[in-house]
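Given next are the chains, with one letter for each unit.
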Amino acid sequence: MDQGDSAGRLVRPFTLTGGRTRPSRADFTLITTVTTVDPPPERAARPQPEQVRILRQCARPVAVAELAAHLDLPVSVVVIMLCDLLEAGRIIVHPPHPVRRDPCLDLDLLQKVRDGLGRL
Amino acid sequence: MAGSDPAADAVTAPDTVKILIAGGFGVGKTTMVGSVSEIVPLRTEEPLTIAGVGVDDLDGVEGKRATTVALDFGRITIGRDLVLYLFGTPGQQRFWFMWNDLAIGALGAVVLVDVRRPQSSFAAVDFFERRGIPFVVAVNGFFGRHPYPPEEIRDALALPRDVQVLLCDARERESCRDVLIALVDQLIARVHPLLGAPAQGRPGSCGGA
Ligand SMILES: Nc1nc2c(ncn2[C@@H]2O[C@H](COP(=O)(O)OP(=O)(O)OP(=O)(O)O)[C@@H](O)[C@H]2O)c(=O)[nH]1
Ligand SMILES: [Mg+2]
């Protein structure tokens, strides 16, 4: 209890993942967006409190980095919890726009970003 | 489109892209992210043990700061279906192992330079150059002063010719926006030399295929 704050910060996130430090799958980047499946799939297991927080936050699509910041948890911990939720069918995942440099970047995408910045 | 409201489109997730704001320690990266972001910059902290470095490796760094590395980021909604994220990379060199992951899938990068000590951003320039990730250099004139012309900064950092050098003020929204636009123009010029900035379109572009 009277451990230093830094120790507490390190230990607590690991307990949320059951001690796991690596994700079970590679679906998640910082800018992958996550959306809660609503209504939940039939016979879905009862989510843990931290999972409930995630499901609530993702009622609208949220990027993984934003989710981690809002939950005040490390991205690596959030990703492990998201893997569980994905496997349980509780969330859907939208990957980032692919960025391929070879042969070259997508001109339409760049033009869109350019126009959007121009409106700032 | 007038009055585009991302909240109205709750069902379809937008496409996301990212640009990195890099540079040496304390050059104004977080300030720049905050200047153009539509949200107050958010922050996540990663325990270094998870991020891939044993805490024991961090000799000389003591106390709470040694246990996590912070990453801050902002967001610009480009349209209903596209959102741009800006990630400020960790400034301290010891945390650069994180950049490898960050750099994957980035459109490009802004290397921010403190006009008073340009060499502090040299390693960032080197990082993106080695990986072939396009970048522009933005010189942050602390206190709005720019004593050196861009060409002098270019020489000081040994920049290739096709990398633009811009003078900016990290505290100013328009200034930071213009830096981002310059980066995207540079990217467009690589794809399509006729559409991009006139300074581009030499070897390395892939137009005409
Ligand atoms: N006067 C002035 N101060 C600035 C400017 N840009 C940043 N600062 C200040 O300089 C300090 C460092 O700026 P940050 O934006 O935190 O720099 P950073 O690159 O994110 O720093 P690290 O993440 O620690 O590497 C802060 O106190 C800022 O308020 C500027 O253009 N002019
Ligand atoms: Mg910073």
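Predicted model, so just to flag it, every value in this text is computed and none were measured.

(A) Inspection of the packing of helix 3 (residues 64-71) of chain A against helix 4 (residues 75-87) of chain A at higher detail. Residues and elements named next belong to chain A. Viewed as axis vectors pointing N to C, helix 3 and helix 4 meet at an angle of 110 degrees, and their least axial separation amounts to 9 Å. It follows from the interaxial angle that helix 3 and helix 4 lie roughly perpendicular. On helix 4, the residues that touch Val64, Leu67, Ala68 and Leu71 of helix 3 are Val75, Val78, Val79 and Leu82. Each residue belonging to the contact of helix 3 with helix 4 can be placed in one class, and the counts come to eight nonpolar, no polar and no charged.

(B) View of the sheet that holds strand 3 (residues 91-94) of chain A. Here we have three strands laid out as an open sheet, ordered 2-1-3 (chain A), and antiparallel in their pairing. A strand with exactly one partner marks an edge of an open sheet, and here the two such strands are strand 2 (62-63) and strand 3 of chain A.

(C) Molecular detail of the pattern of salt bridges. According to the stated counting rule, one finds 14 salt bridges over all chains in the structure shown. We note a salt bridge from arginine 116 of chain B to aspartate 114 of chain B, for which the minimum N-O separation is 3.0 Å. Residue arginine 154 of chain B pairs with glutamate 151 of chain B through a salt bridge whose shortest N-O separation is 3.1 Å. With arginine 154 of chain B and glutamate 151 of chain B both in helix 5 (residues 150-156) and three residues apart, this pair spans about one turn of that helix. Among the charged side chains, a salt-bridge network with shared partners connects Glu66 of chain A together with Glu38 and Arg75 of chain B.

(D) Here's a closer look at the confidence of the model for chain B. Residue and element names in this part refer to chain B. Model confidence for chain B is summarised by a mean pLDDT of 82, while 79% of its residues fall at 70 or above. Across residues 1-10, confidence stays below pLDDT 50; counting only partners more than four residues off in sequence or on other chains, it has eight contacts. Residue range residues 54-66 is modelled with pLDDT below 50. Its contacts to residues more than four positions away, or to other chains, number 11 contacts. The complex model carries a pTM of 0.86, and its ipTM stands at 0.87.

(E) Representation of the interface of chain B and chain A. At the junction of the two partners, chain B supplies 52 residues and chain A supplies 44 residues. Between chain B and chain A, a total of about 4,200 Å² is buried, with carbon and sulfur atoms accounting for 70% of that surface. Where chain B touches chain A, the interface holds three salt bridges. A salt bridge links arginine 114 of chain A to aspartate 185 of chain B; the nearest nitrogen and oxygen atoms lie 2.6 Å apart. Breaking the side of chain B that touches chain A down by element, the ones donating at least two residues are strand 1 (15-23), strand 2 (42-47), helix 2 (48-51), strand 3 (68-79), strand 4 (82-88), strand 5 (106-114) and helix 6 (173-191) of chain B. In terms of residue count, helix 6 of chain B provides more of the side of chain B that touches chain A than any other element does, nine residues in total. Of the residues contributing to the side of chain B that touches chain A, the split by class is 32 nonpolar, nine polar and 11 charged.

About the criteria used
Residues numbered from 1 in each chain as written. Chains lettered and ligands numbered in written order. Predicted model: local features only at pLDDT ≥ 70, side-chain atom pairs only at ≥ 80, totals over all residues. Heavy atoms only, no water. Axes fitted to C-alpha atoms, helices over the stretch in contact; angles between N-to-C directions. Helix = DSSP H or I, 4+ residues; strand = E, 2+ residues; numbered from the N terminus. Parallel < 35°, antiparallel > 145°, perpendicular 65-115°, else oblique. Contact = heavy atoms within 4.5 Å. Nonpolar A, V, L, I, M, F, W, Y, C, P; charged D, E, K, R; others polar. Pairing = 2+ DSSP bridges. Salt bridge = Lys/Arg side-chain N within 4 Å of Asp/Glu carboxyl O. pLDDT = per-residue confidence, 0-100. Buried area = accessible area lost by both parts, 1.4 Å probe.

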